[in-house]
Structure formats: structure tokens, C-alpha cells
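Results of the structural survey
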Amino acid sequence: MKEKYEIVIIGGGMVGASIAYHLLKLGARSVAIFEKSYISSGATGRCGGGIRQQWSSPNNVRLAMRSVQLFEKFKEEIGMDIEYKRGGYLLLAYTDEEAQGFENNVRMQKEEGLEVEILSPNTVKKRFPYINIEGVKLATFCASDGHANPHLANFGYIRKSMELGADVFTHTKVENMEVSNGRVVGVQTTRGYVRCDLVVNAAGAWSKEVAKMAGVELPTESFRHQILVTEPVENFMDPLVMSFSHNFYIRQTKHGSILMGQGDKDEKPRINYNVNFKFTKEISRKLTKIFPFLRKIRIVRQWAGHYNMSPDAQPIVGKAPTLENYFYAVGFSGHGFMLAPAVGEALAELILLGSTRHSDISTLNVDRFEKGVVAEKNVV
Ligand SMILES: Cc1cc2nc3c(=O)[nH]c(=O)nc-3n(C[C@H](O)[C@H](O)[C@H](O)COP(=O)(O)OP(=O)(O)OC[C@H]3O[C@@H](n4cnc5c(N)ncnc54)[C@H](O)[C@@H]3O)c2cc1C
């Protein structure tokens, strides 16, 4: 470990790794990533890997569209096959109110330049005959949405960053920060103290605690989310199928397993890696309702991870108002995997060039909550 780094990134998940890569690509001289556990041990390695551009807030649509451009050239640029598949996302509306909301969203998404279709239940049946359309009022489909393997993507950015000169310290926790005259001057890690010119908080579920180390307040809370995977079956579905009102997302992995998860509105914020049978029972019912022919499929395992939630379910990205050299990219809620490429690129530009070139992240600063909260609705 060097005595000093130009930039210290706390957190080696998809977000921290993307920021590191984009900083180095733009010419950062020395970058260190500190990861308290192993790479992809946090939400990234536990997530569904979905990549969706169909959001209710224009911010999320734009960032996701830029991310898709970056995912498309990931293999060529980063040198890692991340099992990226443009299979589309099929969103199912089960109430008239939800259907109306979808229509409004599609209008806005089209204005943002996204190609997205509104499908009647009969068209859903024709195009995706394996789906039980009982109760479906309407659906939307975006063919350029997709999914990828989050572990591979996380490791891809990490390896490329190391090739470009980053020092990556796993099993190294940042325990404290030294602040002097409105600047972070160094971080205390479990491997020792290191000086730095700038710090980025990409600590996912621990974003609030890492912010406090520098006296910064962030309005983030971490909630457990569970997900399961089944034995593999012959590949039959390309899109990720999702319902907000019925609270599920389902996709098939490259080797045939079905991956599906849901949120739990009764959960209180805390770090909790335990899994429970309530989840298994509820999600199995949903799976066999929508795909009755999978009644006999076996569950291989289930696990838990955390959504680091912001008050409006949109990421909090920018510079701390109270410190000159403290940046954060946190509060990604359920969509940090897919937004990480665009956000990493934008934050790197903001840090090194003083302004962004590809995505406008000015509305994602923490100050926005002073004006009230307009929450993203398309979430599970
Ligand atoms: C079940 C589930 C399903 C999901 N599905 C999707 C999906 O389909 N699509 C999508 O886009 N998103 C999805 N998400 C959300 C997505 O996983 C996250 O938003 C994203 O992974 C956040 O990336 P990150 O790098 O910010 O966080 P993480 O991957 O959690 O990385 C943060 C890292 O910081 C480290 N860290 C924390 N504190 C310290 C410290 N003091 N010192 C050193 N290191 C520290 C942690 O160990 C961790 O590895 C899902 C999440 C879950 C839980």
C-alpha cells in the first residue's frame, strides 16, 4: 500500500469498480479501492442482473439508456464476456390504475428516445405463449432491455482498473477518516493509514456509516431483499418478466436456471443476511401462477442482499456540500447494477473534468430532498 493515493474509493462493488475504471480511463494517476470483504460480496453479487430502461422518472430512463450503450460494448472495451443478453423486459400491469401509469411512462420514455411498446394481453399471449396472462390488463415491452451476470461485470471492471494501475485491497475495511479544514486528508483502514486527495463513498448498504466517518449525513437506509434460483430447465424465455403490483421479477440465466425475487414491505431497514420460508412460499406461488408448467421445478438455493434505498428510490450522486473533496454514489435502491456504468462514467467526469459529458447527474445531488421527494414508481 502506498502512503498516498490521489483518489480513494470505498467499496469494491459494481459502482466503486465502475467509478475506478472510468477515472483511470480519463487519466487519474493513482486510485485505490478498499473493499472490506471480497469483490462482489455486497449487493452486486447477490442481485438479479437485470438491465432495464423502463422507469417512471426521466433521470433513471436517461441513465439506464446510457448504461445500455456501455453494456453493449463491455466485452470489447473491458475484455470480459458478462453473459449480456438483450432479451427485453416485459412489464405486466394488473390494475387499471397501473395500466394508466404504464401508458404515461411510455409517453415519457418515448420522448427520451426509448423504443418501447404497449402490448394488449392477447399480444402478450401470442408473443410469449408460456406466460399465464390471467389478470393482466396491459404490458409494456422494451426489446433493448436485458440482463447480464453481475459477478462477471464487477470483476470485469476491477480487473480492467488493475490493468490501468489501480491498487485493489480486499478484506480491508475503511474504519475512519481524517478531516482537516473542510477536506478529507486521509483514511484509516485495517491495513493502516493512507493519505489521499479525494474520497468516493461507494459503500452500498454501508453508505450512511461511511458518510458519518467524515461527518456527512446521507438519507439512505438498507433493506433486505431475497432472491432464489431453481434447477436449470431448457431455455424458454428471453425477457425478464416483472410486475410492480404483484411484486416480482423473473428471468432465466444462460444455463437455464430461473432467478426470481421480490421485496417485502414489512421489513425494517437493517443489515440482515438471513433468509426465511415466507419468501420461499410467496415467490414459489407467484412462479407457478405465471408459469404453471414449472409446478415441479426444484429450488436450488435462496439468498439475501440489500437495497440501499434513497427517499425517492433514485441514486444519490455528487459532492458533499460540506466537504471539498468527498464524493458519493450511493442509494441505488434496486437498480445500481444497471446504472453503475453510466454513473461511474459521469462521476469520473465530474471529478476529473469538473463537469459531465455523457449523463446529467446534477439532479441526483443530495440537496434535492430539501425541495421534497418525487419517488420512482417502477420498483419492486
Ligand atoms: C436481491 C437483489 C436483487 C437486485 N436486482 C437488481 C437488478 O436486477 N438490477 C439492478 O440494476 N440492481 C439490482 N439490485 C440492486 C443492486 O444489486 C445494487 O444497487 C448494486 O449492486 C449496488 O452496487 P454498489 O457497488 O453500490 O454496492 P455493493 O455491491 O454492495 O458494494 C459496496 C461494497 O462496499 C463495501 N464496503 C462497505 N463499507 C465498507 C468499508 N467501511 N470499507 C471497505 N469496504 C466497504 C462492501 O463490502 C461492498 O462490497 C438488486 C439487489 C438485491 C439485493
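Computed from a predicted model, the values in this text were never measured in an experiment.

The next point concerns the site of the ligand. Looking at the ligand, there are 39 residues lining it, with Glu-35, Ala-43, Thr-44, Gly-50 and Met-338 nearest. Between the ligand and Val-15, the relevant distance is 3.0 Å, taken from an oxygen atom to a main-chain nitrogen or oxygen of the residue. Mapped onto the shell around the ligand, the elements with two or more residues apiece are helix 1 (14–25), strand 12 (221–232), strand 16 (299–309) and helix 9 (336–353). Here the shell around the ligand is built from residues that sort into 17 nonpolar, 18 polar and four charged. Mapped onto the domain boundaries, the shell around the ligand takes at least three residues apiece from domain 1 (4–47 + 151–219 + 312–371) and domain 2 (83–146 + 221–307).

Right, let's get into the pattern of salt bridges. Scanning all chains against the criterion turns up 19 salt bridges. Two residues, Arg-66 and Glu-345, come together in a salt bridge whose shortest N-O distance is 2.7 Å. Here Glu-345 lies in helix 9 and Arg-66 lies in helix 2 (residues 58–72), a separation of 279 residues in the sequence. A residue is classified by how much of its surface remains accessible, and Glu-345, at 5% relative accessible area, is buried. Here the salt bridges share partners, and the residues they tie into one network are Lys-25, Lys-73 and Glu-77.

Here the focus is the environment of Lys-4. Note that Lys-4 resides in strand 1 (residues 4–10). Considering only alpha carbons, one finds Lys-4 and Val-31, 27 residues apart in sequence, at a separation of 9.6 Å. With residues near it in sequence (within four places) discarded, Lys-4 still touches Ser-30, Val-194, Arg-195, Cys-196 and Asp-197.

Between helix 1 and helix 9, the shortest axis-to-axis distance is 8 Å and the interhelical angle comes to 40°. With respect to each other, helix 1 and helix 9 are oriented oblique. As helix 1 runs across helix 9, the sense of the crossing is right-handed. Contact residues: Met-14, Val-15, Ser-18, Ile-19, His-22 and Leu-23 in helix 1; Gly-336, Phe-337, Ala-340, Pro-341, Gly-344, Glu-345, Leu-347, Ala-348, Ile-351 and Leu-352 in helix 9. Per-class residue counts for the contact of helix 1 with helix 9 are eleven nonpolar, four polar and one charged.

With that settled, the discussion passes to the pairing of strand 4 (residues 89–93). Burial of strand 4 is extensive: five of the five residues sit out of reach of the surface. Here strand 4 shows two buried faces, one formed by Tyr-89, Leu-91 and Ala-93 and the other by Leu-90 and Leu-92. Bridging between strand 4 and strand 6 (residues 138–142) involves five bridges; their strand directions are antiparallel. In the sheet register, Leu-90 faces strand 6, and the bridge partner there is Phe-141. Of the strand pairs in this sheet, strand 4 and strand 13 (residues 240–243) are connected by three bridges, and their pairing is parallel. Bridge pairing in strand 13 places Tyr-89 opposite Leu-240.

Moving on, we get to the domain arrangement of the chain. Considered domain by domain, the chain is made up of domain 1 (4–47 + 151–219 + 312–371) and domain 2 (83–146 + 221–307). For domain 1 versus domain 2, the distance between C-alpha centres works out to 30 Å. The interface is formed by twelve residues belonging to domain 1 together with twelve residues belonging to domain 2. Across the domain 1/domain 2 interface, buried area totals approximately 920 Å², and carbon plus sulfur atoms make up 57% of it. A per-residue breakdown of the area domain 1 buries against domain 2 is headed by Arg-46, Ala-205 and Trp-206, which together make up 48% of the total. Linking domain 1 with domain 2 are one salt bridge. A salt bridge links Lys-208 to Glu-221; the nearest nitrogen and oxygen atoms lie 3.8 Å apart. Along the contact surface separating domain 1 from domain 2 lie three residue pairs in polar contact (both at pLDDT 80 or more). Within the side of domain 1 that touches domain 2, the residues separate by chemical class into seven nonpolar, three polar and two charged.

Calculation criteria
Residues numbered from 1 in each chain as written. Predicted model: local features only at pLDDT ≥ 70, side-chain atom pairs only at ≥ 80, totals over all residues. Heavy atoms only, no water. Near = heavy atom within 4 Å. Polar contact = N/O pair within 3.5 Å; in protein donor to acceptor, adjacent residues only side chain to side chain. Helix = DSSP H or I, 4+ residues; strand = E, 2+ residues; numbered from the N terminus. Nonpolar A, V, L, I, M, F, W, Y, C, P; charged D, E, K, R; others polar. Domains from an automatic or database assignment. Salt bridge = Lys/Arg side-chain N within 4 Å of Asp/Glu carboxyl O. Buried < 20%, exposed > 50% of the residue type's maximum accessible area, 1.4 Å probe, protein only. Contact = heavy atoms within 4.5 Å. Axes fitted to C-alpha atoms, helices over the stretch in contact; angles between N-to-C directions. Parallel < 35°, antiparallel > 145°, perpendicular 65-115°, else oblique. Left-handed = near helix turned anticlockwise from the far one by under 90°. Pairing = 2+ DSSP bridges. Buried area = accessible area lost by both parts, 1.4 Å probe.

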